[in-house]
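# Structure assessment
Here is what each chain is made of, one letter per residue.
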Amino acid sequence: MSGPGGMLPYVTKQGTAARAAALLDLVLPEHCAGCDAPGRACCRSCLAVFGEPRQASATGPAEPTYALARHADVARTLVVAHKERGRRGLTRPLGRALAAAVPQLPAARPDAEGTWWLVPVPSRPSAARARGGSHVLALARACAAALSETGRPAAVAPALRLDAGARDAVGLDRAQRSANLAGRLRIAPAGAPPPGVPVVLLDDVVTTGATLAAARGALRNAGVEPLSALTLTAA
Ligand SMILES: [Zn+2]
């Protein structure tokens, strides 16, 4: 089950690089993005680097973010391959790793009907186009599908939008990231969850925590209280 995100037009537009990567995936036998072993997009032992959720040190106790691995070695290789190199075969295994962690998050809970609500952190529109759609939205959908498979209904609410004009955050410190996001992270009403439901914010990597803090602020202003934030890796 997925949320109303399927209606967002940018999700279906494929960038040239992503299209080329998708074509390569069709003609080349699949191999692990972490260790190159043949067989699948991520082998069992590489996927095992994503463990129990632990609080990322860059985030404070009031707004904790949990990550499944340090942003280094195989974990970093997998996250970067998924984000930057169009390895969308990784979306499902990485989504499953997130799904295993969601019910373990200390403050997270489903809504009164038992549905877990996931809100992906948005990509810059230009980056999403180049990658053939938002990679975090894809992760959120895979996470929701994996939760549903384990008897926990889940829905994706693409409630946030990053306006054009935000810069790539690579190389920016926390203050610069906050300034970069100020006023550019908005609520997309069509993707918002029902009022008052608890949500889990998802991203692939937490660096300074500035992006997730801005996302929490934008959601809170719209009356949505994110109880937890979860990422694959923490830098
Ligand atoms: Zn591997």
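Description of the structure in this document. This is a predicted model, so every value here is computed, not measured.

## Here's the deal with the overall build of the protein chain
Of regular secondary structure, the protein chain possesses eight helices and eight strands. Within the protein chain, buried positions represent 49% of all 235 residues. Element-wise, carbon and sulfur atoms account for 55% of the exposed surface of the protein chain, whose accessible area totals about 11,000 Å².

## Concerning the side chain of Thr 231
Locating Thr 231 in the fold gives a position in strand 8 (residues 226-234). Thr 231 gets classed as buried once you look at its relative accessible area, which sits at 0%. Excluding residues within four positions of it along the chain, Thr 231 makes contact with Thr 65, Tyr 66, Ala 67, Leu 68, Leu 98, Asp 203, Asp 204, Val 205, Val 206 and Leu 212.

## Here we look at the coordination of the zinc ion
Geometry sets the ideal angles at a metal, namely 109.5 degrees for four tetrahedral donors and 90 or 180 degrees for six octahedral donors. Coordination of the zinc ion by the protein is provided by Cys 32 (SG), Cys 35 (SG), Cys 43 (SG) and Cys 46 (SG), with metal-donor distances spanning 2.3 Å. One can describe the donor arrangement at the zinc ion as tetrahedral, given that its four donor atoms subtend angles of 103 to 117° at the metal. Mapped onto the polypeptide sequence, the residues donating to the zinc ion form the spacing pattern C-x2-C-x7-C-x2-C. Of the two residues, Cys 35 sits in the loop between helix 1 (16-27) and helix 2 (44-47) while Cys 46 sits in helix 2, which places them 11 residues apart along the sequence.

## Examining the pairing of strand 8
A large share of strand 8 lies buried, amounting to eight of its nine residues. In the sheet, strand 2 (residues 65-70) pairs with strand 8 via five bridges, with the strands oriented parallel. Following the sheet pairing, Tyr 66 is matched in strand 8 by Leu 230. Judged from the seven bridges that link them, strand 7 (residues 199-206) and strand 8 form a sheet pairing that is parallel. Bridge pairing in strand 8 links Val 199 to Pro 226. For the crossover from strand 7 across helix 8 (residues 210-221) to strand 8, the handedness is right-handed.

## Overview of the sheet that holds strand 7
Pairing is mixed in the open sheet, where six strands are placed in the order 1-2-8-7-3-4. The two strands at the open ends of the sheet, each matched to only one other strand, are strand 1 (54-55) and strand 4 (154-156). Its contacts with the sheet put helix 6 (residues 135-149) on strand 3 (116-120), strand 4, strand 7 and strand 8, and the angle it makes with strand 3 is roughly 165°. Sheet contacts for helix 8: strand 2, strand 3, strand 7 and strand 8; angle to strand 7, the most-contacted strand, approximately 160°.

## As for the pattern of salt bridges
With the rule as written, the count across this model stands at five salt bridges. The shortest N-O distance in the salt bridge between Arg 87 and Glu 30 comes to 3.2 Å. With Arg 87 in the loop between helix 3 (73-84) and helix 4 (91-101) and Glu 30 in the loop between helix 1 and helix 2, the pair connects residues that are 57 residues apart, well separated along the chain. A cluster of three or more residues bridged by salt bridges with shared partners is formed by Arg 161, Asp 163 and Arg 186.

## Focus: the nonpolar core
Judged by nonpolar contacts, the single largest core of 39 residues is most densely connected at Phe 50, Leu 230 and Leu 232. Take this core: its biggest share by element is seven residues, from helix 6. In this structure, Phe 50 is in contact with Leu 68, Ala 69, Ala 75, Leu 78, Val 79, Leu 94, Ala 97, Leu 232 and Thr 233, ignoring residues within four places of it in sequence. Core analysis: the second largest hydrophobic core is formed by 23 residues, Ala 56, Ala 157, Val 206 and Ala 215 among them.

About the criteria used
Residues numbered from 1 in each chain as written. Predicted model: local features only at pLDDT ≥ 70, side-chain atom pairs only at ≥ 80, totals over all residues. Heavy atoms only, no water. Helix = DSSP H or I, 4+ residues; strand = E, 2+ residues; numbered from the N terminus. Buried < 20%, exposed > 50% of the residue type's maximum accessible area, 1.4 Å probe, protein only. Areas by Shrake-Rupley, 256 points an atom, 1.4 Å probe, with all protein chains shown as cover. Contact = heavy atoms within 4.5 Å. Donors = N, O, S within 2.8 Å, 3.2 Å for Na, K, Ca; no water. Tetrahedral: all angles 85-135°; square planar, octahedral: opposite > 155°, others 65-115°. Pairing = 2+ DSSP bridges. Right-handed = clockwise from strand over helix to strand, strands pointing away. Axes fitted to C-alpha atoms, helices over the stretch in contact; angles between N-to-C directions. Salt bridge = Lys/Arg side-chain N within 4 Å of Asp/Glu carboxyl O. Core = buried A, V, L, I, M, F, W, Y, C linked by side-chain atoms within 4.5 Å.

Any functional reading would require information beyond the geometric quantities listed.
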